[in-house]
Amino acid sequence: MKLKINTYFQKMWKWIFYPEKIFRNPRRSEILIFDAEGEELLLEYVGKWSTEVLHLRSEKLNIPVLIRSMLRKGSFFKNYINEYIATVSPKVVITFIDNNPLFYYLKKTNDFTKFIAIQNGKRDSLLFDKLSELNSPECFATIDYLFCFGRGVSSEYSKQIHAQVIPIGSLKNNYVNPISSDKKSIVFISEYAANEGADLVLGDQVYSYELLWKKPDRIVLHYLIKYCEERNIVLRIALRSKTYNEKLYFKSLISTSNVKVEMVEPSGVYGSYALCDTANVVVTIESTLGYEAAARGNKTAFFTLRGTFSGRSDRTFSWPGALQAEGPFWTHLPESLAFERILDHLFAISDEEWKVELKKYAFEDIMTYDYDNATLKSVLRKELSESSMLHQ
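Okay, so let's go over this structure. (Residues numbered from 1 in each chain as written. Predicted model: local features only at pLDDT ≥ 70, side-chain atom pairs only at ≥ 80, totals over all residues. Heavy atoms only, no water.)

### Focus on the sheet that holds strand S15 (residues 300-303)
Next, step 1: As summarised here, the arrangement of the six strands in space is S13-S12-S9-S14-S15-S16, forming an open sheet in which the pairing is parallel. The open sheet is flanked by strand S13 (262-264) and strand S16 (330-331), the only strands paired with a single partner.
Next, step 2: Both strand S9 (residues 185-189) and strand S14 (residues 281-284) contribute to a ladder of three bridges, which runs parallel. Across the sheet, the residue bridging to Phe188 is Val283, located in S14. (Pairing = 2+ DSSP bridges. Helix = DSSP H or I, 4+ residues; strand = E, 2+ residues; numbered from the N terminus.)

### Focus on the pairing of strand S8 (residues 162-167)
Next, step 1: Where strand S7 (residues 142-148) and S8 come together, five bridges link them in parallel fashion. Residue Tyr145 lies in a different strand from S8, and its bridge partner there is Gln164.
Next, step 2: For the handedness criterion, the β-α-β arrangement of S7, helix H6 (residues 151-160) and S8 is classed as right-handed. (Right-handed = clockwise from strand over helix to strand, strands pointing away.)

### So, the sheet that holds strand S2 (residues 31-34)
Next, step 1: Across the sheet, which stays open at both edges, the six strands sit in the order S3-S2-S5-S6-S7-S8 with parallel pairing between neighbours. What marks the edges here is a single partner per strand, and that holds for strand S3 (51-54) and S8. Between one strand axis and the next, the sheet turns through 20° on average, direction left out of account.
Next, step 2: Here four bridges tie strand S5 (residues 92-95) to strand S6 (residues 114-118), and the two strands are oriented parallel to one another. Note on S6: the bridge partner recorded for Val92 is Lys114.
Next, step 3: Against the sheet, helix H2 (residues 39-46) touches S2, S3, S5 and S6, its axis set at about 160° to S2. (Axes fitted to C-alpha atoms, helices over the stretch in contact; angles between N-to-C directions. Contact = heavy atoms within 4.5 Å.)

### A short note on the side chain of Thr331
Next, step 1: Along the chain, the position of Thr331 falls in strand S16.
Next, step 2: Residue Thr331 is classed as buried on the basis of its relative accessible area of 0%.
Next, step 3: In this structure the side chain of Thr331 is engaged in a polar contact, spanning 2.6 Å, whose partner is the side chain of Glu326.
Next, step 4: Filtering out sequence-adjacent residues up to four positions away, Thr331 remains in contact with Phe302, Phe303, Thr304, Ala325, Glu326, Ala338, Phe339, Arg341 and Ile342. (Buried < 20%, exposed > 50% of the residue type's maximum accessible area, 1.4 Å probe, protein only. Polar contact = N/O pair within 3.5 Å; in protein donor to acceptor, adjacent residues only side chain to side chain.)

### Some words on the pairing of S9
Next, step 1: By the criterion of burial, S9 is predominantly enclosed, with five of the five residues buried.
Next, step 2: The side-chain alternation of S9 yields two buried faces, one formed by Ser185, Val187 and Ile189 and the other by Ile186 and Phe188.

### Here's the deal with the pattern of salt bridges
Next, step 1: In total, this model carries 27 salt bridges according to the counting rule given.
Next, step 2: Here Asp144 ties to Lys114 by a salt bridge, and the two come within 3.9 Å at their closest N and O atoms. Here the residue Asp144 occupies a position in strand S7, and Lys114 occupies one in strand S6, the gap between them amounting to 30 residues.
Next, step 3: Taking the relative accessible area as the measure of exposure, Asp144 reaches 17% and is therefore buried. (Salt bridge = Lys/Arg side-chain N within 4 Å of Asp/Glu carboxyl O.)

### Thoughts on the packing of helix H8 (residues 209-231) against helix H9 (residues 244-253)
Two measures define how a pair of helices packs: the angle their axes make with one another and the distance between the axes.
Next, step 1: Interaxial distance between H8 and H9 falls to 9 Å at its minimum, and their mutual angle equals 65°. At the point where H8 passes H9, the crossing takes the right-handed sense. Here Tyr209, Trp213, Lys214, Asp217, Arg218, Leu221 and His222 of H8 lie close against H9, whose contacting residues are Tyr249, Phe250, Ser252 and Leu253.
Next, step 2: Partitioning the contact of H8 with H9 into residue classes produces six nonpolar, two polar and three charged. (Left-handed = near helix turned anticlockwise from the far one by under 90°. Nonpolar A, V, L, I, M, F, W, Y, C, P; charged D, E, K, R; others polar.)

### A few points about the environment of Ser185
Next, step 1: Looking at the secondary structure, you find Ser185 in strand S9.
Next, step 2: The class of Ser185 is buried, set by a relative accessible area of 0%.
Next, step 3: In this structure, the C-alpha to C-alpha distance between Ser185 and Thr368, residues 183 residues apart in sequence, is 25 Å.
Next, step 4: Discounting chain neighbours no more than four positions away, the residues touching Ser185 are Ile233, Val234, Arg236, Thr278, Ala279, Asn280, Val281 and Phe347.

All quantities given are derived from atomic positions and should not be read as evidence of function.
Here's what the structure looks like:
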């Protein structure tokens, strides 16, 4: 109990005293972005309307809103959010952080505002389990629109959230116009976790960093190095960050190899997407970027070993779908023969044959592709259609 109290006050201290202080009210706007994470991407679509941003990660704190929220009863943090919404008086509140459960319980006190969530990453069962715990007949998770990756995960959202759930694929991925390259290469997508060495808690289970991260990465990379060396194929790692620690992490995994592995830092918001487009074959364990690459038309191998070593079915290739454990471009087995079968197959088939294969296994149920986000644009126009002027 004492630890929980200390943690609460530490969070409050960080939230109140760390941020930049804003001493003017936020302006009334047609759109409020809930959480600045993904702000740059969302502004591509909502920037034509008047927009405010609600910062929730200790970046900025609005003092007038804070003072008024202290006069409300109930949760201090939720009061601040509701007071911010009341001050901005938006037509639409939109977020790119679909895995923040709090967002789904704001509609009840802001009934005349439209709430929109956009899925930003591959989901396991943890979010849906949390929503199931929080839901009750008196207070059920409710928003107006939820844009998700595919039909498979839409069924999970629909069980726990009252909303119009619309599969559109990945917002970022839909913005990318695919390019192609003839260079013989493989791109392995990094899923490096910055909290290197720390145990990972998933639900009520604790997994070691070695088991869930290093072991799968080591097995896959060692095989890819061998495969590329034997076939004179260029191997690149698409890094998640520009940190020295991430490079050091991968150097430690491949230190026994004499083969040169290119580590490519991300360049801008879409640099990793462009890198995947230059490869003949993309290899991923379970990254969202890997699923995005496949949806965009890149031949992609899925070696889902984290699900194997954790024993979690929600970390498998098609979850929450029910495809068999082994397929022409995916495996859960940490075995060289399975890796070789898949890579040989992907190098042998044409781009057109790859598209046929994706359709055969209903990949769009996992991740669809809506170029230039036409569906999202249509919904925004509908909800904000009549005028781009500030509503009164």
